[in-house]
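Architecture and fold: a report
Single-letter residue listing:
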Amino acid sequence: MRLMHVTGTCTSCGECERVCPMEIPLMKLNQKMAEDLKELFDFAAGVDLEKPLPLRTYRQEDPTTL
C-alpha cells in the first residue's frame, strides 16, 4: 500500500529499504513501479515538478488496464 502512496514521488534514495524491519527489498519494487510509470505514462519522479502525478490524476487518454 505504501508503494502506491509514494508512486510518482519516490526519488530512489533507498531509505525505505534501509529502515525496513523485515528487510524487504523495497527498492526492487520501487524500480519496477518507476519502469511501469515511464512506459505507461512517460513519467519520471523528480524530473518535472509541474507535471501532474500519473496515479493521482485522471486523463481520458490514460490506459484502461495495466
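Here we summarise the structure given alongside this text. (Residues numbered from 1 in each chain as written. Predicted model: local features only at pLDDT ≥ 70, side-chain atom pairs only at ≥ 80, totals over all residues. Heavy atoms only, no water.)

Attention shifts here to helix H3 (residues 26-41). Note on helix geometry: an α-helix contains 3.6 residues per turn, so any two residues three or four positions apart are oriented the same way. For H3, built from 16 residues, the straight-helix expectation of 22 Å at 1.5 Å per residue is met to within 8% by its first-to-last C-alpha distance of 22 Å. Those residues of H3 that fall on the buried side of the exposure criterion are Asn-30, Met-33, Leu-37 and Phe-41. Down the axis of H3, the sector holding all buried residues measures 65°, keeping them to one side. Facing away from the buried side of H3, by more than 90 degrees, are the exposed residues Lys-28 and Glu-39. Positive backbone phi, at 50°, marks Asp-42, one or two positions downstream of H3. (Helix = DSSP H or I, 4+ residues; strand = E, 2+ residues; numbered from the N terminus. Expected span 1.5 Å × (residues − 1). Buried < 20%, exposed > 50% of the residue type's maximum accessible area, 1.4 Å probe, protein only. Arc of directions from axis to C-beta.)

For the rest of this paragraph, the subject is the layout of surface pockets. Computed from the structure, the largest pocket encloses a volume of approximately 170 Å³. For the largest pocket, the lining is made up of 13 residues, of which Cys-10, Asn-30, Ala-34, Leu-37 and Ala-45 are closest to its centre. Element by element, the count of residues in the lining of the largest pocket is highest for H3, at five residues. For the lining of the largest pocket, a count of residues per class yields eight nonpolar, four polar and one charged. (1 Å grid on protein atoms, 1.4 Å probe; cavity = no way out; pocket = protein on both sides within 12 Å on 5 of 7 lines; lining within 4 Å. Points joined across faces, edges and corners; volume = space filled by probe spheres on them. Nonpolar A, V, L, I, M, F, W, Y, C, P; charged D, E, K, R; others polar.)

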